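# Examination of the molecular architecture
Listed below are the residues making up each chain.
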Amino acid sequence: MVPRQVPFVAMLIVLMALPLFAQNQTQAKPRPHVIVVGVNGMELDVIRPLLLKGDLPNLARVIKNGAYGKLRTVDAPNCPRVYSTMFTSTTPAEHGVTGFLVGGITANTNMLKQEPIWSILSKNAVTVGMANVPATFPVMPVNGYMVSGMLTRGKNCEDGVLCAPKLSEVEGGEAVYPPAMKAELLKNVGDFYIDCERMPSAEQLRGHETEVIDSWLKKIDVIREQQTQLFDYLLANHPTDFTWLVQSCEDRTGHWLYPIAPYNVGYNAKINAVRPDAFPNQYIGFDKVLGAILKHVDDNTYLFIVSDHGIKPLREFEETDPHAHMDHEKTTPVIAKHDFADGDDVPGSFFAMGPGIKHDLRMMGFEASVYDITPTILHLYGIEQPKQMRGHVLTAIFESSENKVAQK
Ligand SMILES: [Zn+2]
């Protein structure tokens, strides 16, 4: 349980400040744009050395011009569980999407028991665009568009768990809202993969390790390139006030190609010595995606980069491996994971840049949590935080109260 961290009085002060502020700035400021970029399992242990080497120029630019730090996550974190927590700012038990499978059924949007951010924004006339965001299948109607992400079901990906159906091969629900947009995307972007490639099985790897690793990584590059084109197309042709885009191949790569040392559990030189650069390279690939997105960021745009958790080599005794279900073939030699009982071991990360956000601010400890993302975004649109939400507005990242509230 996460305590409410914003005293009611503080909210009251913000609300009271609104009319004054509105008088000064009516019509002066258009409604802000907000772009959230999700990166599944972004691991700061791997990111930081790359930043020092200058390999992530776009992320470095965001850090220099914004605020960043760790993002406290939930216990036993995995993508659907944490994303649904971010969407609703409620606990997994409250929102209902407790994992990849809920009661033996692949998690889906019909299971959400709390109102998600896209619904609240839509009701408040904010236009919404979402693409490749985990746990958004089947898509729901929004004041804009939605293209689903991880847990989308389709051909060769019947259960939707950690595999990549093509848009044309989606089954068991709609992957695009409004429905007419599907044909438009197929025509203008092509038949892109949703989510990310399934990890190979032990059987596939045995005796062909280098070949399988290389071809798998090539497929990942294709997927990332397709998704970059999708994001660029959407941002250019369907601009929305609020946009949430996600990348998921980083996490998938880390699970079996994390650059572990021989002393780590599960080390197998035939696999782990082949491409020790594979996992760091995912972030260099991500930085290019970020570069494409940054072209659409202007002075009136807030950019948030969030990850749901990190990922670490295996390092705890656990009676059963809760990660096993995530491995479709159940035989992939997984050597790193994130659903440790203590989520503090694998925190997510948070980066924010935009009008009135402090520059070069390093947030220490766990100042921000996954519960705070939606309250902070609602705040930027002047929407009051619903009572059920457990997070708080990240006031510490803003320069002053004058800058932190946008016009309705
Ligand atoms: Zn994972």
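Predicted, not measured: the structure shown is a model, and the values here were computed from it.

## What about the sheet that holds strand β9 (residues 301-306)?
Read across the sheet, nine strands follow the order β7-β6-β5-β8-β1-β9-β12-β2-β13 without closing on themselves; strand pairing throughout is mixed. In the strand order of this sheet, the two ends are held by β7 (176-177) and β13 (361-369), each with one partner. Its contacts with the sheet place helix α3 (residues 57-64) against β2 (66-72), β9 and β12 (348-353), and it is angled at close to 70° to β12.

## Some points on the state of the cysteines
Inspection of the entire model under this criterion finds two disulfides. Linked covalently through their sulfurs, C196 and C249 form a disulfide whose S-S length is 2.0 Å. Given an S-S torsion of about 110°, the disulfide between C196 and C249 has right-handed geometry. Here C249 lies in helix α10 (residues 249-257) and C196 lies in the loop between α7 (181-188) and α8 (202-205), a separation of 53 residues in the sequence. C249 shares its class with C196; the two are buried.

## A look at the packing of aromatic side chains
Per the stated rule, a full pass over the model turns up 10 aromatic pairs. Ring plane angle 90° and centroid distance 6.3 Å describe the contact between F242 and W244, whose orientation is recorded as edge-to-face. Residue classification places W244 among the buried residues on the basis of a relative accessible area of 0%. Pairing Y258 with F279 gives two aromatic rings, centres 5.2 Å apart and planes at 35°, and the pair type is tilted. Within this pair, whereas Y258 is found in the loop between α10 and α11 (269-272), its partner F279 is found in helix α12 (residues 278-294), the two being separated by 21 residues in sequence. Each member of the pair, Y258 as well as F279, carries the same accessibility label: buried. Of the aromatic side chains, those joined through ring pairs into one cluster are Y83, F87, W118, F242 and W244. Taking the ring centre of Y193 as reference, the NZ or CZ of K219 above it sits at 4.5 Å.

## Structural notes on the environment of V334
Following the sequence through the fold, V334 ends up in the loop between β10 (312-313) and β11 (336-337). As for V334 and T253, which are separated by 81 residues in sequence, their C-alpha atoms are 10.0 Å apart.

## Some details on α10
α10 sits mainly inside the fold: nine of its nine residues count as buried. Every buried residue of α10 is listed here: C249, E250, D251, R252, T253, G254, H255, W256 and L257.

## Concerning the nonpolar core
Among the nonpolar cores identified, the biggest contains 54 residues, and F242, W244, F304, F350 and I397 are the most heavily contacted of them. Once you skip the residues sitting within four places of it in the chain, W244 turns out to touch V36, G38, Y83, M86, F87, I117, G129, M130, A131, V133 and V306. Residues L56, I194, I305 and I311 belong to the second largest nonpolar core, which totals 49 residues.

## Observations concerning the pairing of strand β1 (residues 33-39)
Within β1, six of the seven residues are buried, leaving the element largely enclosed by the surrounding structure. Bridging between β1 and β9 involves six bridges; their strand directions are parallel. The residue of β9 that forms the bridge with G38 is V306. With six bridges joining them, β1 and strand β8 (residues 242-247) adopt parallel strand pairing. What sits directly across from V36, in β8, is W244.

Thresholds, definitions, all that
- Residues numbered from 1 in each chain as written.
- Predicted model: local features only at pLDDT ≥ 70, side-chain atom pairs only at ≥ 80, totals over all residues.
- Heavy atoms only, no water.
- Pairing = 2+ DSSP bridges.
- Helix = DSSP H or I, 4+ residues; strand = E, 2+ residues; numbered from the N terminus.
- Contact = heavy atoms within 4.5 Å.
- Axes fitted to C-alpha atoms, helices over the stretch in contact; angles between N-to-C directions.
- Disulfide = S-S within 2.5 Å.
- Buried < 20%, exposed > 50% of the residue type's maximum accessible area, 1.4 Å probe, protein only.
- Phe/Tyr/Trp six-rings, centres within 6.5 Å; stacked < 30°, edge-to-face > 60°.
- Lys NZ or Arg CZ within 6 Å of the ring centre and 35° of its normal.
- Core = buried A, V, L, I, M, F, W, Y, C linked by side-chain atoms within 4.5 Å.

Read these as geometric descriptors, not functional statements.
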